[in-house]
Amino acid sequence: MNKLTKLSLAVVIGSLMMPAFASKTEPYTQSGTNAREMLVEQPIHWISVDQIKKELEGKAPINVSFDIDDTVLFSSPCFYYGQQKYSPGKQDYLKNQDFWNEVNAGCDNYSIPKQIGADLIKMHQERGDQIYFITGRTAGKTDGVTSVLQKAFDIKNMHPVEFMGGRERTTKYNKTPGIIAHKVTIHYGDSDDDILAAKEAGIRGIRLMRAANSTYQPMPTLGGYGEEVLINSSY
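Just so it is clear, the structure is predicted and the values come from calculations on it, not from any experiment.

About the criteria used
Residues numbered from 1 in each chain as written. Predicted model: local features only at pLDDT ≥ 70, side-chain atom pairs only at ≥ 80, totals over all residues. Heavy atoms only, no water. Pairing = 2+ DSSP bridges. Helix = DSSP H or I, 4+ residues; strand = E, 2+ residues; numbered from the N terminus. Axes fitted to C-alpha atoms, helices over the stretch in contact; angles between N-to-C directions. Contact = heavy atoms within 4.5 Å. Disulfide = S-S within 2.5 Å. Buried < 20%, exposed > 50% of the residue type's maximum accessible area, 1.4 Å probe, protein only. Salt bridge = Lys/Arg side-chain N within 4 Å of Asp/Glu carboxyl O. Left-handed = near helix turned anticlockwise from the far one by under 90°. Nonpolar A, V, L, I, M, F, W, Y, C, P; charged D, E, K, R; others polar.

Participant: Mind showing me how you'd approach the sheet that holds strand β5 (residues 130–138) here?
Facilitator: Backbone hydrogen bonds are what pair the strands of a sheet, in a parallel or an antiparallel way. Reading across from one edge, β1-β9-β8-β7-β2-β5-β6 is the order of the seven strands in this open sheet, with parallel pairing throughout. Of all the strands in the sheet, the pair left with one neighbour each is β1 (45–47) and β6 (162–165). The sheet shows a mean angle of 30° between the axes of neighbouring strands, direction not considered. Alignment of strand β2 (residues 63–66) against β5, held across four bridges, turns out to be parallel. The partner of F66 across the bridge, within β5, is F133. The strands touched by helix α6 (residues 115–127) are β2, β5, β7 (186–189) and β9 (228–230); relative to β2, the strand with the most contacts, the crossing angle is about 165°.

Put into structure tokens, the structure is as follows:
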């Protein structure tokens, strides 16, 4: 076998051993992804219920507060019903007192308690902490929400829900006065307003994830203000 034949054979064998790379001959028509992009995670300060519990070990009981909608209750069914009844396709129903009268009177019997709410409240009650609920809802003629929350989360020393919507605002964020009045140390909520109200009050605000199918859109940015975010908190 001469040198030329050997060289040709080596080229053929080498080409068979090399992986085949398909050239992109046409532009993509859909937004796709790749393995590297799928592994990218945002630098968020994730935290768990167990971690919070451990941090609080040995400390005296504190006051903690919770937002309601999308934080401890998946209440989208009530808000979807209210929108269809009072302002289909629009957000005007949120300014309609008839809606608030109706939704606060008992619609939360159809709201779904979130597991993360149950876990957090159980942990805090075992510590002897006081639980408060501070919501951006406007108060109705009757309060059926307090009893629903007490039953759903087996709260031993239930305080009436603080309805902050519709009140004359003395601070930038409407939940701040309630947080301050109850001398809260930790406030839990899903919305930007929850985190910003906690910051305004000078306390620790912890973000809970909003369920992807919530009627409350657009979705907030988790960790957008450098706050802690509870893992597995969308349900």
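Participant: Could you clarify how one ought to interpret the state of the cysteines in this entry?
Facilitator: By definition, a disulfide links two cysteine residues through a covalent bond between their sulfur atoms. A full pass over the atoms with the stated rule returns one disulfide. The residue that forms a disulfide with C78 is C107, at a sulfur-sulfur distance of 2.4 Å. Between C78 and C107, the S-S torsion sits near -110°, and that sign places the bridge as left-handed. A residue pair is termed long-range when its members are at least 10 positions apart, and C78 in helix α4 (residues 76–86) and C107 in the loop between α5 (97–106) and β4 (112–113) qualify at 29 residues. Comparing C78 with C107 shows no difference in burial state: the two are buried.

Participant: Help me understand unusual backbone geometry, please; the structure alone is not making it clear to me.
Facilitator: Here the bond from Q217 into P218 is cis, since omega is 0°, no more than 30 degrees from zero. On the secondary structure map, P218 appears in the loop between β8 (204–207) and β9. The phi angle at K183 is positive, at roughly 50°, despite the residue not being glycine. With respect to the helices and strands, the residue K183 is situated in the loop between α8 (176–181) and β7. Relative accessible area serves as the criterion here: at 67%, K183 is assigned to the exposed category. Here N232, not a glycine, exhibits a phi torsion of approximately 50°, which is positive.

Participant: Looking at this model, I keep getting lost on the pattern of salt bridges. Mind explaining?
Facilitator: Counted according to the given criterion, the structure contains 15 salt bridges. A salt bridge links K156 to D154, with the shortest nitrogen-to-oxygen separation between them at 3.0 Å. Look at K156 and you get exposed, because its relative accessible area is 64%. Judged by its relative accessible area of 46%, D154 is partly exposed. As a salt-bridge pair, K175 and D194 come within 2.7 Å of each other at their nearest N and O atoms.

Participant: Can you help me understand the packing of α4 against α5 in this one?
Facilitator: Two quantities define a packed helix pair, namely the angle between the axes and the distance from one axis to the other. Two numbers describe how α4 lies on α5: the axes approach to 11 Å, and their chain directions differ by 145°. Where α4 crosses over α5, the handedness of that crossing is right-handed. Of the residues in α5, those in contact with C78, F79, Y81, G82, K85 and Y86 of α4 are D98, F99, W100, E102 and V103. Taken together, the residues of the contact of α4 with α5 break down into seven nonpolar, one polar and three charged.

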